[in-house]
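Structural characterization, general
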Amino acid sequence: MGFTEETFAYLADLERNNSKDWFEANRTRYDAHWKTAGLDFVAELSERMAKLEPSLRAEARLNGSLRRINRDVRFSKDKSPYNARLHLVFWAGNHPNRSPGLHLVLQPDGVGYGAGQWGIDPARLGVLRQRIIDEEEGETLQKALGAAATVDCTMGAPDLARVPKGFSVDNERSGFLRYKGFVARTKDTLADRSVLLDAGAADWVMMVGAALMPLIRWLSR
C-alpha cells in the first residue's frame, strides 16, 4: 500500500486534535494510513537497506523501524499524548535509538530526514574525538558532512561552548569536538510530501540515503 495523501491528512488532523478521544474515534485511519502504511514501506525498503555498507536494519514492526506514535510525557510540559509525525529509522547497530542510523520523518506539511547518532556514551565519544583530531579520519568526517549537505542535511549548533579540556583549539576540525552527538538533518526546509506518494518513493529514500551513508559509515567504524 505505502503512503498516500490520507497519511498526511491524518497527521494534520491529529496535530489539530491531539487527544485520546479523537485518536480512538479515528483508530481505523491510524491503522490503515499510519501503522499499515508505515510497516509496508519499511518492508519494501528492507532488502535494499540490507545491501548497504554498513547494512542498515529495516524491521517492519512497531518500535522497530516504525517508532511509536505515543509520546513520553513524563518529563515534558507538553502533555499531548501523540506525536503528529510518522518516524522511520533504519540503523546500523544493536538499537534503533542508540546506533548510527538513517531517519525519515513524515510531518503534516512535508518530509524531514537525516542521519547520525544522538546521545553517544562518554567512552565512545572519547574514541570519536581522537578520530576527529586524526588528519585522515577528521578529513573523512568533513567529507561525509559535505555529502550530507548535498541533500540539505547539516549539523545543528554545538553542544559545548568550548573545546573539551586536553584538546587543542588550533586543530582544523576542533569545532567538531564540541559535539556530543553527530547528526546531519533537514531543519526548516522539508521535502515536498509528493516524494513519498508515487512509485518512486523507495528510490527517493535510497537516493537521499546514499548521500547520508558516509556519515553513518564513519560513525559505525
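Relevant structure appears above.
Keep in mind the model is a prediction, meaning the values are calculated, not measured.

The rules we used
- Note on numbering: residues in each chain are counted from 1, in written sequence order.
- Residue-level local features of this predicted model are given only where pLDDT is at least 70; pairs of side-chain atoms are given and counted only at 80 or more, and the full residue set underlies all totals for whole chains, interfaces and linings.
- The basis for every side-chain value is the complete set of non-hydrogen atoms in the structure, without hydrogens or water.
- Helix and strand labels come from DSSP, where a helix needs a run of H or I of at least four residues and a strand needs a run of E of at least two; each type is numbered from the N terminus.
- Restricting the calculation to C-alpha atoms gives the radius of gyration, and the globule rule supplies 2.2 Å times the number of residues raised to the power 0.38.
- The buried label applies to any residue whose accessible area, calculated with a 1.4 Å probe on protein chains only, is under 20% of its type's maximum; exposed applies above 50%, and partly exposed to all values in between.
- Two residues qualify as a contact provided that any one of their heavy atoms is within 4.5 Å of a heavy atom in the partner residue.
- Accessible areas in this description were obtained via Shrake-Rupley with a 1.4 Å probe; residue shielding takes into account the shown protein chains only.
- None of His or the chain ends enter the tally, which takes Lys and Arg as positive and Asp and Glu as negative.
- To locate a charge, the coordinates of NZ of Lys, CZ of Arg, CG of Asp or CD of Glu are taken.
- Only the stretch in contact is used when a helix axis is fitted, and all axes are lines through C-alpha atoms; the angle between N-to-C directions ranges over 0 to 180 degrees.
- Throughout this description, any angle smaller than 35 degrees is read as roughly parallel, any larger than 145 degrees as roughly antiparallel, any in the 65 to 115 degree range as roughly perpendicular, and the remainder as oblique.
- Each residue gets one label: Ala, Val, Leu, Ile, Met, Phe, Trp, Tyr, Cys and Pro are nonpolar, Asp, Glu, Lys and Arg are charged, and the others, such as Gly, are polar.
- Salt bridge criterion: a side-chain nitrogen from Lys or Arg within 4 Å of a carboxyl oxygen from Asp or Glu.

1. What to know about the overall build of the protein
Helices and strands together make up the secondary structure of the protein, namely 6 helices and 4 strands. When the helices and strands of the protein are read in sequence order from the N terminus, they spell out α-α-α-β-β-β-α-α-β-α. Taken against the 2.2 N^0.38 rule, which gives 17 Å for 221 residues, the C-alpha radius of gyration of the protein at 19 Å falls within 12% of a compact globule. Taking all 221 residues of the protein together, 47% fall into the buried category. In the protein, of all internal contacts separated by at least 6 residues, the share reaching a separation of at least 24 is 67%. As displayed, the protein has an accessible area near 11300 Å², and 48% of this comes from carbon and sulfur atoms. In the protein, the 31 positive side-chain charges and the 29 negative ones have mean positions that sit 7 Å from each other.

2. A look at the packing of helix H4 (residues 122-133) against helix H5 (residues 135-149)
Two elements in contact, H4 and H5, have axes separated by 5 Å at closest approach and are oriented at 95 degrees. With respect to each other, H4 and H5 are oriented roughly perpendicular. Together, Arg131, Ile132 and Ile133 of H4 and Glu135, Glu137, Gly138 and Leu141 of H5 make up the contact between the two elements. Across the contact of H4 with H5, the residue classes break down as 3 nonpolar, 1 polar and 3 charged.

3. Considerations on the pattern of salt bridges
Within the structure shown, the criterion is met by 16 salt bridges. Arginine 48 is paired through a salt bridge with aspartate 203; the nearest N and O atoms lie 2.9 Å apart. Of the two residues, arginine 48 sits in helix H3 (residues 27-50) while aspartate 203 sits in helix H6 (residues 201-220), which places them 155 residues apart along the sequence. The exposure class of arginine 48 is partly exposed, given its relative accessible area of 36%. Accessibility expressed as a relative area gives 43% for aspartate 203, which makes it partly exposed. If you follow the salt bridges from partner to partner, you end up with Asp13, Arg16 and Arg29 in one network.

4. Some details on the environment of leucine 88
Following the sequence through the fold, leucine 88 ends up in strand S1 (residues 86-91). Distance from leucine 88 to leucine 177, taken between C-alpha atoms, is 28 Å for residues 89 residues apart in sequence. With residues up to four places along the chain from it excluded, the contact list for leucine 88 reads Phe3, Gly38, Phe41, Val42, Ser65, Leu66, Leu102, His103 and Leu104.

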